[in-house]
Amino acid sequence: FVPSDSMGFKGVDQALRKFLGDPVQITRPLWLQCATDDGSDVPWNLVKTSVMPLDGRVPGLLVNKVRGRGHCVDDWEARWLCDFISKYAPGDASTASPP
């Protein structure tokens, strides 16, 4: 999710404005993986609402929605991180694989 000052994360709103105003930063890849069936830790409605200010304004944003294990998607995150590294890191990162 994308935090905000109103959620108790002081200074985030200003940082988000700075981020959105930077033409280089907003084009860099920003991948978020969100469990749509997480009902307690980071509920999907919170994620969906908090990401709205970025919608259409951050070309590098990819929100990967997963379902099936609630908040416990650790090994799925490892696989997705390897995909990210393979796509964006230089060198031999294309051979990366999770443990």
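It should be emphasised that the depicted structure is a prediction, and the values quoted were computed from it without experimental measurement.

Calculation notes
Per-chain numbering applies: the sequence of each chain, read as written, is numbered from 1 onward. Restriction of local features to residues with pLDDT of at least 70 applies here, the model being predicted, together with a cutoff of 80 or more for giving and counting side-chain atom pairs; totals for whole chains, interfaces and linings are based on all residues. Excluded from the side-chain calculations are hydrogens and water; all other atoms, namely the structure's heavy atoms, are used. Secondary structure follows DSSP: runs of H or I at least 4 residues long count as helices, runs of E at least 2 residues long count as strands, and numbering of each begins at the N terminus. Three labels apply to residues, based on accessible area from a 1.4 Å probe with only protein chains included: buried if under 20% of the type maximum, exposed if over 50%, partly exposed otherwise in between. Polar contact is defined as a pair of N or O atoms within 3.5 Å, subject to the rule that within protein one atom must be able to donate a hydrogen and the other to accept it, and that residues adjacent in sequence are counted only when both atoms are side-chain atoms. Here, the term nonpolar core denotes a set of buried Ala, Val, Leu, Ile, Met, Phe, Trp, Tyr and Cys residues that are joined through side-chain atoms within 4.5 Å. Contacts are residue-level and defined by heavy atoms, with any inter-residue pair within 4.5 Å sufficient. Confidence per residue, as judged by the predictor, is encoded in pLDDT with a range of 0 to 100. Any Lys or Arg side-chain nitrogen found within 4 Å of a carboxyl oxygen on Asp or Glu counts as a salt bridge. What counts as a ring pair is set by centres within 6.5 Å for rings of Phe, Tyr and Trp (its six-membered ring), and what kind of pair is set by the plane angle: stacked under 30 degrees, edge-to-face over 60, tilted for all other angles. We call a charge positioned over a ring when the NZ of a Lys or the CZ of an Arg lies within 6 Å of the ring centre and within 35 degrees of the ring normal.

Some details on the side chain of S50
- Residue placement: S50 occurs in helix α2 (residues 44-51).
- You can call S50 buried: its relative accessible area is 8%.
- Polar side-chain contacts of S50 include one of 2.9 Å to the backbone nitrogen of V2.

Here we look at the nonpolar core
- Counting eleven residues, the largest nonpolar core is built from V2, L16, L20, I26, L32, C34, W44, V47, V51, L54 and V58.
- Put simply, the parts of the chain that give this core at least two residues each are α1 (12-20), β1 (30-35) and α2.
- For this core, the element with the highest residue contribution is α2, accounting for three residues.
- Leaving out residues up to four positions away in the same chain, V47 has contacts with F1, C34 and V42.

What about the confidence of the model for the protein?
- Confidence along the protein averages 86 in pLDDT terms, with 91% of residues attaining 70 or more.
- Element-level mean pLDDT values for the protein span from 84 in helix α3 (residues 74-88) up to 95 in α1.

Here's the deal with the environment of D5
- Tracing the chain through its elements places D5 in the segment before α1.
- For D5, the contacting residues outside a window of four places in its chain are K10, G11, V12 and D13.
- From its side chain, D5 meets the backbone nitrogen of V12 in a polar contact 2.9 Å long.

Considering the pattern of salt bridges
- Summed over the entire model, instances satisfying the criterion amount to one salt bridge.
- A salt bridge links R69 to D75; the nearest nitrogen and oxygen atoms lie 2.3 Å apart.
- Residue classification places D75 among the partly exposed positions, given a relative accessible area of 47%.

Description of the packing of aromatic side chains
- Applying the stated criterion across every chain, the model contains five aromatic pairs.
- Note on F84 and Y88: the rings are 5.1 Å apart at their centroids and 45° apart in plane angle, and the pair reads as tilted. Within this pair, F84 and its partner Y88 are both found in helix α3, separated by four residues, close to a single helical turn.
- Judged by relative accessible area, which is 23%, F84 ranks as partly exposed.
- Three or more aromatic residues joined by ring pairs form one cluster here, namely W31, W80, F84 and Y88.
- One residue, R69, lies across the ring of W76, its end atom 4.1 Å from the ring centre.

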